[in-house]
Amino acid sequence: QVQLVESGGGLVQPGGSLRLSCAASGRTFSSYAMGWFRQAPGKEREFVAAISWSGGSTYYTDSVKGRFTISRDNAKNTVYLQLNSLKPEDTAVYYCAADNFGEVISTTPSSYDVWGQGTQVTVSS
C-alpha cells in the first residue's frame, strides 16, 4: 500500500497560482487512480480532480475546470495539481488520495483507500 505526502500549499493572492505535489511511497503507485479533494472550515470534504492510473483520463469538478490541472509522473511516484486563477473560495486544506481501482475515476471519497495529511491553500489579499 502506498503512503502519500502533499506539499506546495501556501498563501497566495487572488488570481495567483500554486502547484501542489503528492509524493507516494511504494512500488504500486502506477496502478492507482489518484484524486485531489479539499475541505474548507465548516464544510464537507469535496472532490476537486482525479486522474486514472495511466494519466489518460482526468475529471474535474465544475468549479475548477479551466483553472486547475491534474497530472502525474509515474516514474517519480508523484501526482500534481496546478492551481491557476485562484479565488478566495478555493481556500481549503487540499488532500491527495489513492484508489487501487486505477482504471476508473471516482469522485466519492469513500472510493479512495489511502489519504495524505493535507496541505493548506489560502487565497487572500
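Presented here is an overview of the structure given in this document. (Residues numbered from 1 in each chain as written. Predicted model: local features only at pLDDT ≥ 70, side-chain atom pairs only at ≥ 80, totals over all residues. Heavy atoms only, no water.)

### Some details on the sheet that holds strand 7 (residues 68-73)
Sheet strands pair by backbone hydrogen bonding; their relative direction is either parallel or antiparallel.
Here is step 1: With respect to topology, four strands assemble into an open sheet ordered 1-3-8-7, the strand pairing being antiparallel. Because the sheet does not close on itself, it has two edges, and the strands there are strand 1 (3-7) and strand 7. Ignoring strand direction, the axes of neighbouring strands in this sheet form an average angle of 15°.
Here is step 2: Pairing of strand 3 (residues 18-25) with strand 8 (residues 78-83) involves six bridges; the strand directions are antiparallel. By the bridge assignment for strand 8, leucine 20 is matched with leucine 81. (Pairing = 2+ DSSP bridges. Helix = DSSP H or I, 4+ residues; strand = E, 2+ residues; numbered from the N terminus. Axes fitted to C-alpha atoms, helices over the stretch in contact; angles between N-to-C directions.)

### What about unusual backbone geometry?
Here is step 1: Of note, the phi angle at asparagine 77 is positive, near 55°, even though the residue is not glycine.
Here is step 2: As for its position among the elements, asparagine 77 is in the loop between strand 7 and strand 8.
Here is step 3: The backbone of serine 85 shows a phi angle near 50°, a positive value even though the residue is not glycine.
Here is step 4: When you line up the elements, serine 85 lands in the loop between strand 8 and strand 9 (92-99).
Here is step 5: Here serine 85 falls in the partly exposed class, since its relative accessible area comes to 40%. (Buried < 20%, exposed > 50% of the residue type's maximum accessible area, 1.4 Å probe, protein only.)

### Comments concerning the state of the cysteines
Each disulfide consists of one covalent bond between the sulfur atoms belonging to two cysteines.
Here is step 1: Under the defined criterion, the tally for this structure stands at one disulfide.
Here is step 2: Here cysteine 22 pairs with cysteine 96 through a disulfide, and the sulfurs are 2.0 Å apart. Residues cysteine 22 and cysteine 96 share a disulfide whose torsion about the S-S bond is about 50°; that sign makes it right-handed. In this pair, cysteine 22 is assigned in strand 3 and cysteine 96 in strand 9, connecting sequence segments 74 residues apart. Like cysteine 22, the residue cysteine 96 is buried in the burial classification. (Disulfide = S-S within 2.5 Å.)

### As for the environment of leucine 4
Here is step 1: Inspection of the secondary structure puts leucine 4 in strand 1.
Here is step 2: Each C-alpha atom of the pair leucine 4 and cysteine 96 lies 7.3 Å from the other, and the pair is 92 residues apart in sequence.
Here is step 3: Every residue in contact with leucine 4, bar those within four places of it in the chain, is listed here: Cys22, Ala23, Ala24, Met34, Cys96, Ala97, Ala98, Val114, Trp115, Gly116 and Gln117. (Contact = heavy atoms within 4.5 Å.)

### As for the nonpolar core
Here is step 1: Leu4, Met34, Trp36, Leu81 and Tyr94 are the most contacted members of the largest nonpolar core, which has 29 residues in total.
Here is step 2: Of all the secondary structure elements, the ones that give two or more residues to this core are strand 3, strand 4 (33-39), strand 5 (46-51), strand 7, strand 8, strand 9 and strand 11 (119-123).
Here is step 3: Membership of the second largest hydrophobic core comes to five residues, among which are Phe37, Ala50, Ala97 and Tyr112. (Core = buried A, V, L, I, M, F, W, Y, C linked by side-chain atoms within 4.5 Å.)

### Quick word on the pairing of strand 8
Here is step 1: A large share of strand 8 lies buried, amounting to five of its six residues.
Here is step 2: Here strand 7 pairs with strand 8 via six bridges, running antiparallel. Residue pairing across strands places phenylalanine 68 opposite leucine 83, the latter belonging to strand 8.
Here is step 3: The loop that links strand 7 with its antiparallel partner strand 8 comprises four residues; one of these, asparagine 77, has a positive phi angle of about 55°.

### Structural notes on the environment of leucine 86
Here is step 1: By secondary structure assignment, the location of leucine 86 is in the loop between strand 8 and strand 9.
Here is step 2: Here leucine 86 falls in the buried class, since its relative accessible area comes to 2%.
Here is step 3: The spacing of leucine 86 and valine 48 is 38 residues in sequence and 13 Å in space, taken between C-alpha atoms.
Here is step 4: Filtering out sequence-adjacent residues up to four positions away, leucine 86 remains in contact with Val12, Pro14, Gly15, Gly16, Ser17, Leu18, Arg67, Phe68 and Val123.

Structural measurements only, silent on function.
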